[in-house]
Amino acid sequence: MSSARPAGGFTLIEVLVALGIVAIALTAGLKATTALTYNAMRQSDILLAHICAENELIKARLSRQMPGVGDSSQTCEQAGRNFSVNVSVRPTPNPSFRRVDALVSDGDLPVLNLTTVIGRY
């Protein structure tokens, strides 16, 4: 009698376990890729918003006069994107200085807030 040779393949259970492991690994990779893409986009938004805020603060410094207390709003276009820049000027305890805040928003979402102090010249 010839002896029966065992089959040389994988069982269905082994294949399903291997597919489960591959699926989990692919899901983790997809989540990591999504997080990296989101962070890269956020970093780009912050860089463009920083340029807008710096432009408004430098404009206030270059005017060579003490900015008036109050709020103003401007739009800023950088790299084809439109940002809203809200500039807020507040008094300080020392009357020779004013606090200037520039809040940059993308629609309703705040992106960046920069603050400086401007003094009399």
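Within each chain, residues carry numbers counting from 1 in the order of the written sequence. Thresholds applied to this predicted model are a pLDDT of at least 70 for local features of residues and 80 or more for the giving and counting of side-chain atom pairs; totals over whole chains, interfaces and linings are not thresholded and use all residues. Heavy atoms throughout the structure, all of them, feed into the side-chain values; hydrogens and water do not.

**Examining the state of the cysteines**
The bond known as a disulfide is covalent and runs between the sulfur atoms of two cysteines. What counts is decided by this rule: Whenever a pair of cysteine sulfur atoms sits within 2.5 Å, that pair is classed as a disulfide. Secondary structure elements follow DSSP: runs of H or I of four or more residues count as helices, runs of E of two or more count as strands, with numbering from the N terminus. Relative accessibility thresholds used throughout: buried, under 20% of the residue-type maximum; exposed, over 50%; partly exposed, between the two (1.4 Å probe, protein chains only).
Across all of its chains, the model carries one disulfide by this definition. Here Cys 52 connects covalently by a disulfide to Cys 76, the sulfurs 2.2 Å from one another. The disulfide joining Cys 52 to Cys 76 has a torsion of about -80° about its S-S bond and is therefore left-handed. With Cys 52 in helix 1 (residues 12-62) and Cys 76 in strand 1 (residues 70-78), this pair connects stretches of sequence that are 24 residues apart. Neither residue differs from the other here; Cys 52 and Cys 76 are each classed as buried.

**Some details on the nonpolar core**
Just so we agree on the cut-off: Residues grouped as a nonpolar core are buried Ala, Val, Leu, Ile, Met, Phe, Trp, Tyr and Cys residues, joined through side-chain atoms within 4.5 Å. Note on contacts: a residue pair is in contact if any heavy atoms of the two residues lie within 4.5 Å.
Cys 52, Ala 53, Phe 83, Val 85, Val 100, Val 104 and Leu 112 are the most contacted members of the largest nonpolar core, which has 18 residues in total. Leave out the neighbours within four places in its chain, and Val 100 touches Leu 57, Pro 67, Val 87, Ser 88, Val 89, Leu 114, Thr 115, Thr 116 and Ile 118.

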